[in-house]
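# Examination of the molecular architecture
One letter stands for each residue in the lines below.
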2 protein chains.
Amino acid sequence: MEKGTKRTTIYDLAKLADASPSAVSSVLNGTWEKRRISKKLAARVMKIAEEQGYAVNVQASLLRRERSNIVGMIVPKYDNRYFGEIAEQFEVMARAKGFFPVVTCTQRDPELEFEAAKELISYQAECLISTGATDPDRISAFCSASGVQSINLDLPGKNAPSVISDNYSAAKDLTKLILDRCEEELSWSGPLRFVGGRLADHNTAARLEGFLSEHSDRGIAVPDSYIMATGYSAGKAATALDSLRPDEPTGLFVNSTISLEGVVRWYSQLHSGAELVRYGCFDWDPFGTFLPGNVGMVEQDVTMMLNKAFEVIGKVDAPTEPILVPCRLRAFPINLEI
Amino acid sequence: MEKGTKRTTIYDLAKLADASPSAVSSVLNGTWEKRRISKKLAARVMKIAEEQGYAVNVQASLLRRERSNIVGMIVPKYDNRYFGEIAEQFEVMARAKGFFPVVTCTQRDPELEFEAAKELISYQAECLISTGATDPDRISAFCSASGVQSINLDLPGKNAPSVISDNYSAAKDLTKLILDRCEEELSWSGPLRFVGGRLADHNTAARLEGFLSEHSDRGIAVPDSYIMATGYSAGKAATALDSLRPDEPTGLFVNSTISLEGVVRWYSQLHSGAELVRYGCFDWDPFGTFLPGNVGMVEQDVTMMLNKAFEVIGKVDAPTEPILVPCRLRAFPINLEI
DNA sequence: CAATGATGCACAATCGATGGAGCAAATTGC
DNA sequence: GCAATTTGCTCCATCGATTGTGCATCATTG
């Protein structure tokens, strides 16, 4: 059982089983029947392998087979449910399809993203999914130079197939919900403020478009100062709102759960006027339902997005136009106690 | 730039640079000065490698070097902040130490956990950290049979060094906080109910001990029916509480954020009596602060735990006694508006 | 000018698993 | 009883990178 320092190899097993390494190999990888190894020897090898705690050296095996089965995924953060769910479901689906999933988290750091991508390619990943990458095109360029397929998730890129949420429509729907609820509950008709995110990001831009489109459909002008896309962090959102002391109805379109943290922090420190505030959030968190003033959240359809992404894996004629996946809008019941 | 189907190898580069594969190899892995390769050749090789989008075949490299630099981590779920933070920080710290982190999520499924562990060992992982594994001992047994170091995080095991939170003390502190706040705000002195988790789990057991100890210090008896450790899921917690309609003060010790979801769901559906409920939660979520009735949460010290775990990596004389890491208790301000 | 040392590189074995080719022994057919 | 077939294995080249060894070539010294 004990193996001192070196790991057991098929050569060790071969000696113990009094067989050849190739026989041992074929027993362990399941090709032994094809290779006409007797049941008796197969059983003996299996038993010894188990006793020795043998595990294939995938490095050697893949080197020889020239296939890795690795699909890599790059994810920016695990600090919200969205990316957590993506990582989790990705792993489940990849395993179900016989792949070996490797997920790595790159902190929204462009350099780290690129390094991680290179590393995954070094591990012979057969496909790389960049989720919410800051610079997806750089990654897909490197992938294509190395002959590796790459797919963009959650952010579109030019050089690789992309699967993204339909940010525009969902943002428009959410805007509509918040405005409707402001009408109903506060008899007030906007305009809303747009909080969080970065305008340079595709997703924020698309959501802002939906936000503005709904306003313009209603003939409501949105002052520039109402667009507070100051970045992705709770602190920044809270700071941006700091000076806002609602003495009249106020509505917020919150662009991510991380910004929502800032909004709620601001909200809970209000000494008065909280009852005049309504908001909705693009992205979902289970505790969102219970936050006072929250009228609804957008939940992105992770399962569908990943399904679409997996459909593209291995395909040569992958579409260049982004594949849009609709979101679910979750409207929360009217809370009369605010 | 284009490479058709096969990836570029050092042999391709050697031909292009009119040099030997070994020279190319040493240029690319930085040993060229030691091996007295001229600057001129080195520069030429580097340039060509870049042009060709070359990435080492780690499989081949590791096979030869017999070191992988891989540290594997098994995590049950990404559905709460705790494990998300662990995964994220683990990756950061591993990279900082020159390791290649591979994190995999095993859905609290014992079989999947074991399979994932075997897979990581097949990839020649040099160390495997099992976080919150359902059966850590099985994993560490396999690891030790294969000569791979294993470390338990968040759950203690017998056969490998373990780093865990000081569940007992933190639970006792949290119990104290909830009881104190019940006294202050409701002039009521318990006993509290214990909601969520599984008694068979070490962590739940340790927390229950702290919970009971604080009660017994105060001379308060806890009826058996108040221990509602019905599992890890929001639905189960909500169901367990279903029949509870508080017409008198009620206090809850909630054993995880996932159970907290159930508690809050129950809480928000109460038509009356909500103002009589106080609860606290073991585990932290940023939205917890804003939930009415929540008096405080325990935040586990992820950074310290991982530091301790990394200290153990590579050590032969690792301690067999679990290393206990204190938690932070976050008490929330009294909310007068409930 | 021969001996010595430094410089710059190539050769070939090696890591562990795989699979095509091939060979001896056992079995079958007539 | 001998050829033909089947069974049950072994041998060996191979994947790509690494590294100890060795061999020219050039510079230096006395």
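None of these values were measured; they are calculated from a predicted model.

### Some thoughts on the interface of chain A and chain B
Listed per partner, the contact involves 61 residues of chain A and 61 residues of chain B. For chain A, the biggest contributors to the area lost against chain B are Arg7(A), Gln59(A) and Phe287(A); these three give 15% of the whole. For the pair chain A and chain B, the interface holds four salt bridges. Here Lys77(A) and Glu88(B) are joined by a salt bridge, their closest N and O atoms 2.6 Å apart. Linking chain A with chain B are 28 residue pairs in polar contact (both at pLDDT 80 or more), by the criterion used here. Looking at the side of chain A that touches chain B, the elements with two or more residues in it are helix H4 (58-65), helix H5 (81-96), strand S2 (100-105), helix H6 (110-122), helix H7 (136-145) and helix H11 (257-268) of chain A. Per-element accounting of the side of chain A that touches chain B gives the leading share, seven residues, to H5(A).

### A look at the domain arrangement of chain A
Domain boundaries assigned for chain A yield domain 1 (10-64), domain 2 (67-160) and domain 3 (167-300). Computed from C-alpha atoms alone, the centre-to-centre distance between domain 1 of chain A and domain 2 of chain A is 34 Å.

### Details of the relation of the copies chain A and chain B
When chain A is fitted to chain B, the best match, at an RMSD of 0.2 Å, comes from turning it 180 degrees and sliding it 0.1 Å along the axis. As the rotation angle and translation indicate, the two copies are arranged about a two-fold axis. Scanning chain A for the C-alpha nearest the rotation axis identifies Gln59(A), at a separation of 2.2 Å. Residue by residue, 100% of the interface of chain A is reproduced at the interface of chain B, so both copies engage with the same surface.

### Some thoughts on the protein's contact with DNA strand D
Neighbouring residues of DNA strand D: 27 residues in total, closest Arg36(A), Ser38(A), Arg35(B), Tyr54(B) and Arg64(B). Counting only atoms of DNA strand D within 4 Å of the protein, the fraction found in sugar and phosphate groups is 49%. Note that a phosphate oxygen of DNA strand D is positioned 3.1 Å from one of the side-chain N or O atoms of Ser61(B). Those elements giving two or more residues to the surface near DNA strand D turn out to be helix H2 (21-28) and H4 of chain A together with helix H1 (10-17), helix H2 (21-28) and helix H4 (58-65) of chain B. Sort the elements by how many residues they give to the surface near DNA strand D and H4(B) lands first, with five residues.

### What about H4(B)?
Within the sequence span of H4(B), burial applies to Val58(B), Gln59(B) and Leu62(B). One side of H4(B) carries all its buried residues, which in axial view fall inside an arc of 100 degrees. Buried residues along H4(B) sit in contact with H4 and H6 of chain A. Immediately beyond the C-terminal end of H4(B), within one or two residues, lies Glu66(B), with a positive phi of roughly 55 degrees.

### Let's talk about the pairing of strand S8 (residues 250-254) of chain A
Residues and elements named next belong to chain A. Across the five residues of S8, five count as buried, placing the element largely inside the fold. Side chains of S8 alternate between two faces, with Thr250, Leu252 and Val254 and Gly251 and Phe253 buried alike. Examined bridge by bridge, strand S6 (residues 193-195) and S8 share three bridges and lie parallel to one another. Considered in S8, the bridge of Arg193 is made with Leu252. Sheet topology note: the S8/strand S9 (residues 277-282) ladder contains five bridges and is parallel. Residue pairing in the sheet places Gly251 in a bridge with Arg278 of S9. Chirality of the crossover, the property in question, places the unit of S8, H11 and S9 among those that are right-handed.

Cut-offs and rules
Residues numbered from 1 in each chain as written. Chains lettered and ligands numbered in written order. Predicted model: local features only at pLDDT ≥ 70, side-chain atom pairs only at ≥ 80, totals over all residues. Heavy atoms only, no water. Contact = heavy atoms within 4.5 Å. Buried area = accessible area lost by both parts, 1.4 Å probe. Salt bridge = Lys/Arg side-chain N within 4 Å of Asp/Glu carboxyl O. Polar contact = N/O pair within 3.5 Å; in protein donor to acceptor, adjacent residues only side chain to side chain. Helix = DSSP H or I, 4+ residues; strand = E, 2+ residues; numbered from the N terminus. Domains from an automatic or database assignment. Least-squares fit on C-alpha atoms with pLDDT ≥ 70 in both. Near = heavy atom within 4 Å. Buried < 20%, exposed > 50% of the residue type's maximum accessible area, 1.4 Å probe, protein only. Arc of directions from axis to C-beta. Pairing = 2+ DSSP bridges. Right-handed = clockwise from strand over helix to strand, strands pointing away.

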